[in-house]
Amino acid sequence: MANPGRLLFNPNTYDPRQFDPETRRLLRALIDWFEGRGKTKLLADDLDAVWVSDFLDFIKRERIFATFLTPSEYGAGDPNKRWDTSRNAALSEILGFYGLAYWYAEQVTILGLGPIWQSDNSQAKARAAAQLEAGGVMAFGLSEREHGADIYHTDMVLTPATDDGVVFRASGEKYYIGNGNVAGMVSVFGRRSDVEGADGYVWFVADSGHENYELIGNVVHGQMYVSNFRLNDYPVREEDILCAGPEAFSAALNTVNVGKFNLCTASIGMCEHAFYEAITHANNRILYGNPVTDFPHVRASFVDAYARLIAMKLFSDRAIDYFRSASRDDRRYLLFNPVTKSKVTSEGEIVVTLLQDVIAAKSFEKNTYFAEVARLIGCLPRLEGTVHVNVAQILKFMSNYMFNPAPYPEISTRNDPADDVFFWAQGPARGAAKVQFADWAPVYEKSLDIPNVARFYEQAGALKELLATAAPDADQQRDLDFILVVGHLFTLVVYGQLILEQANLLGLDRELVDQIFDFQIRDFSAHAVALHGKPSSTAAQQEWALSAVRKPVVDADRFDRVWAQVRAYDGAYAMRP
């Protein structure tokens, strides 16, 4: 059985033995840097909206972004440089644990690097590697005030130029661009003025220090610098152009495929720190002569929050294995990726709400990390595409996943020190409906001895029956309000599959798995009831919805033993003052 004390990240005991010595050293150095600064400084900088310059000085000194974000091909022979999703996820979780602003500086650097590493522009790649080595950060200039991240429309226009060495002059604004205040290379998406349609798309790099780059300001109040900038006849040279035409469109989507995974690990880190504060506070607070945690509803909230948080980690860790094993012949990551983005981050919001309902007024106090988490946890489901956008993506895979399995070799745990080069060669961003999956049913059938897994498996089978006998008709498929509920039901089946796979790989406590599927059953039932109430649901669908509702298997002794795991975290970690 996996050691319950090792399930949550704890800076005091963290020992990532799965990684190579230099990775372990850098992760430990990062933790020690935050702990050395202390909680008072961490929270004060958040409240005062202080730009994370001291953090970036540390990153430069230790060459962390250079080591973690440079593919080995451009590592100049440094054996520690590679793009390794396993260790990148660990880095992201740690940054989320200490503050979303620190994570954000890394996140938008990853996005900014996406079009560069995908391009055939060796000069731009060499510049990026050099800037990372020098401690620089990047930015991703896709979003605009009028169009959001709508790739089909952009008002960044590149006009052909006749200047010496200049092929285009770029003009237009970008909005909501992280690191746009300091990035040496800003990957910018635009369109040519002289070419219509998809053939006119262009990715190019700009320098935020250039005189034709106008920094208008920060569109949020916080440590994160989320910039609005304008290019005024910015000179674009041949060596600045990354890709053009349909390849530029694919580069945008494929970059988001790489970048948005980090939102789940940030959410996990934030929830873990909030969890430590909440259990330590609640388990030592006396109310009406009793510890707060003696109240049954408080224990229920803590157990639910803990089960959901462990599930977030299980799914995300297992998804890493699929990402790292991806190829043109195995694109299952295209489903698991939007699930990590939409489902895991939404679960993070639920976890924080459950904890906040327990600690109540304490969650607003300025000397708690919890107050920062409560304010910012909602960002993650709403960045890199809303939950609705990602669930709509998830629906593209539903038919093949549920009804049309294909054989695949077993995917093992992937924490080996390999360079994940496929991320930069994903190919055209199309064909999602053709992606096939291994049969999901055997994964559940291996664990039918766990009562709530067995009960949830009944619900998963019921969903398959709905799709076979009373599937959404053409009008319902165009009704996003209706079809998104179906998407949430389907997501739960996918979520449960990878949770079970990872739990089996870890030898996780079966009672904790049982408790996880307790909430899976309740959530499925809630979405079934929501489908029943939709205006366009048919009589057959309404009948199905009520028949799919289940009550989790109740086991008071199991609950008490999981509660004992939760209570053991009381005092396990508190950030140094």
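Residues numbered from 1 in each chain as written. Predicted model: local features only at pLDDT ≥ 70, side-chain atom pairs only at ≥ 80, totals over all residues. Heavy atoms only, no water.

As annotated in an unreviewed UniProt entry, the protein is Acyl-CoA dehydrogenase from Mycobacterium celatum. Within the UniProt record for the protein, the comment given under Sequence similarities (unreviewed entry) is "Belongs to the acyl-CoA dehydrogenase family." (UniProt positions renumbered as here; feature names shortened; annotations may be inferred.)

Caption draft 1: Expanded view of the pattern of salt bridges. For the structure shown, the criterion picks out 44 salt bridges. Asp-84 is paired through a salt bridge with Arg-82; the nearest N and O atoms lie 3.0 Å apart. Taking the relative accessible area as the measure of exposure, Asp-84 reaches 0% and is therefore buried. Of the residues examined, Arg-82 reaches a relative accessible area of 5% and is grouped as buried. Linking Arg-382 and Glu-349 is a salt bridge whose minimum nitrogen-to-oxygen distance equals 3.2 Å. Taken as a pair, Arg-382 in the loop between helix 11 (369–376) and helix 12 (387–395) and Glu-349 in helix 10 (residues 333–359) lie far apart in primary sequence, 33 residues in all. (Salt bridge = Lys/Arg side-chain N within 4 Å of Asp/Glu carboxyl O. Buried < 20%, exposed > 50% of the residue type's maximum accessible area, 1.4 Å probe, protein only. Helix = DSSP H or I, 4+ residues; strand = E, 2+ residues; numbered from the N terminus.)

Caption draft 2: Inspection of the UniProt feature "domain: Acyl-CoA dehydrogenase/oxidase C-terminal" (unreviewed entry) in the protein at higher detail. UniProt annotation of "domain: Acyl-CoA dehydrogenase/oxidase C-terminal" (unreviewed entry) refers to residues 249–397 when read in the numbering used here. Helix makes up 70% of residues 249–397 and strand 3%, and the two end C-alpha atoms of the span are 21 Å apart.

Caption draft 3: Local environment of helix 15 (residues 451–469). In this model, helix 15 (19 residues) spans 27 Å end to end at C-alpha, consistent with the 27 Å of a helix rising 1.5 Å per residue. Residues Asn-452, Val-453, Phe-456, Gln-459, Ala-460, Ala-462, Leu-463, Leu-466 and Leu-467 constitute the buried set of helix 15. (Expected span 1.5 Å × (residues − 1).)

Caption draft 4: Quick peek at the pairing of strand 1 (residues 138–141). Burial along strand 1 is two-sided: the face carrying Met-138 and Phe-140 and the face carrying Ala-139 and Gly-141 are both buried. In this structure, strand 1 lies alongside strand 4 (residues 185–192), joined through 4 bridges in parallel fashion. In the sheet register, Phe-140 faces strand 4, and the bridge partner there is Ser-187. (Pairing = 2+ DSSP bridges.)

Caption draft 5: Spatial organisation of the nonpolar core. One finds Phe-55 and Phe-302 to be the most contacted residues of the largest nonpolar core, which totals 176 residues. The greatest single-element share of this core, amounting to 16 residues, is contributed by helix 9 (residues 296–324). In this structure, Phe-302 is in contact with Phe-275, Ala-278, Ile-279, Ala-282, Thr-293, Leu-355, Val-358, Trp-563 and Val-566, ignoring residues within four places of it in sequence. Core analysis: the next-biggest nonpolar cluster, separate from the first, contains 18 residues, Val-202, Tyr-213, Phe-229 and Tyr-234 among them. (Core = buried A, V, L, I, M, F, W, Y, C linked by side-chain atoms within 4.5 Å. Contact = heavy atoms within 4.5 Å.)

Caption draft 6: Structural context of the environment of Phe-323. Considering the arrangement of structural elements, one finds Phe-323 in helix 9. Judged by relative accessible area, Phe-323 falls into the buried class, the value being 4%. Between the C-alpha atoms of Phe-323 and Leu-334, which are 11 residues apart in sequence, the distance is 8.6 Å. Sequence-distant contacts of Phe-323, defined by excluding residues within four places in its chain, comprise Thr-85, Phe-261, Tyr-333, Phe-336, Asn-337 and Phe-423.

Caption draft 7: Main features of the packing of helix 18 (residues 510–533) against helix 19 (residues 539–548). Contact geometry of helix 18 with helix 19 gives a least axis separation of 8 Å together with a crossing angle of 160 degrees. Our classification of the angle between helix 18 and helix 19 gives roughly antiparallel. Judged by the twist between their axes, the crossing of helix 18 over helix 19 is left-handed. Along its contact with helix 18, which presents Phe-524, Ser-525, Ala-528, Leu-531 and His-532, the element helix 19 presents Gln-541, Gln-542, Trp-544, Ala-545, Leu-546 and Ala-548. Within the contact of helix 18 with helix 19, the residues separate by chemical class into 7 nonpolar, 4 polar and no charged. (Axes fitted to C-alpha atoms, helices over the stretch in contact; angles between N-to-C directions. Parallel < 35°, antiparallel > 145°, perpendicular 65-115°, else oblique. Left-handed = near helix turned anticlockwise from the far one by under 90°. Nonpolar A, V, L, I, M, F, W, Y, C, P; charged D, E, K, R; others polar.)

Caption draft 8: Representation of the packing of aromatic side chains in the model. Per the stated rule, a full pass over the model turns up 48 aromatic pairs. On the numbers, 4.8 Å between centres and 85 degrees between planes, the contact of Phe-9 with Phe-97 is edge-to-face. A residue pair is termed long-range when its members are at least 10 positions apart, and Phe-9 in the segment before helix 1 (21–47) and Phe-97 in helix 4 (residues 85–98) qualify at 88 residues. Phe-97 shares its class with Phe-9; the two are buried. Taken together, a centroid distance of 5.3 Å and an interplanar angle of 40 degrees make the contact between Phe-189 and Tyr-201 tilted. Taken as a pair, Phe-189 in strand 4 and Tyr-201 in strand 5 (residues 201–206) lie far apart in primary sequence, 12 residues in all. One exposure class covers both Phe-189 and Tyr-201, and it is buried. Lying across the ring of Tyr-408, Arg-332 places its NZ or CZ 3.8 Å from the centre. Directly above the ring of Tyr-495 sits Lys-343, whose terminal nitrogen or CZ lies 5.3 Å from the centroid. (Phe/Tyr/Trp six-rings, centres within 6.5 Å; stacked < 30°, edge-to-face > 60°. Lys NZ or Arg CZ within 6 Å of the ring centre and 35° of its normal.)

Caption draft 9: Region of interest: the side chain of Lys-260. Residue placement: Lys-260 occurs in the loop between helix 7 (246–259) and helix 8 (262–282). A polar atom in the side chain of Lys-260 sits 2.8 Å from the side chain of Asn-390. (Polar contact = N/O pair within 3.5 Å; in protein donor to acceptor, adjacent residues only side chain to side chain.)

Caption draft 10: Structural context of unusual backbone geometry. Although it is not a glycine, Ala-76 adopts a positive phi angle of roughly 50 degrees. Structurally, the position occupied by Ala-76 is in the loop between helix 3 (64–69) and helix 4.

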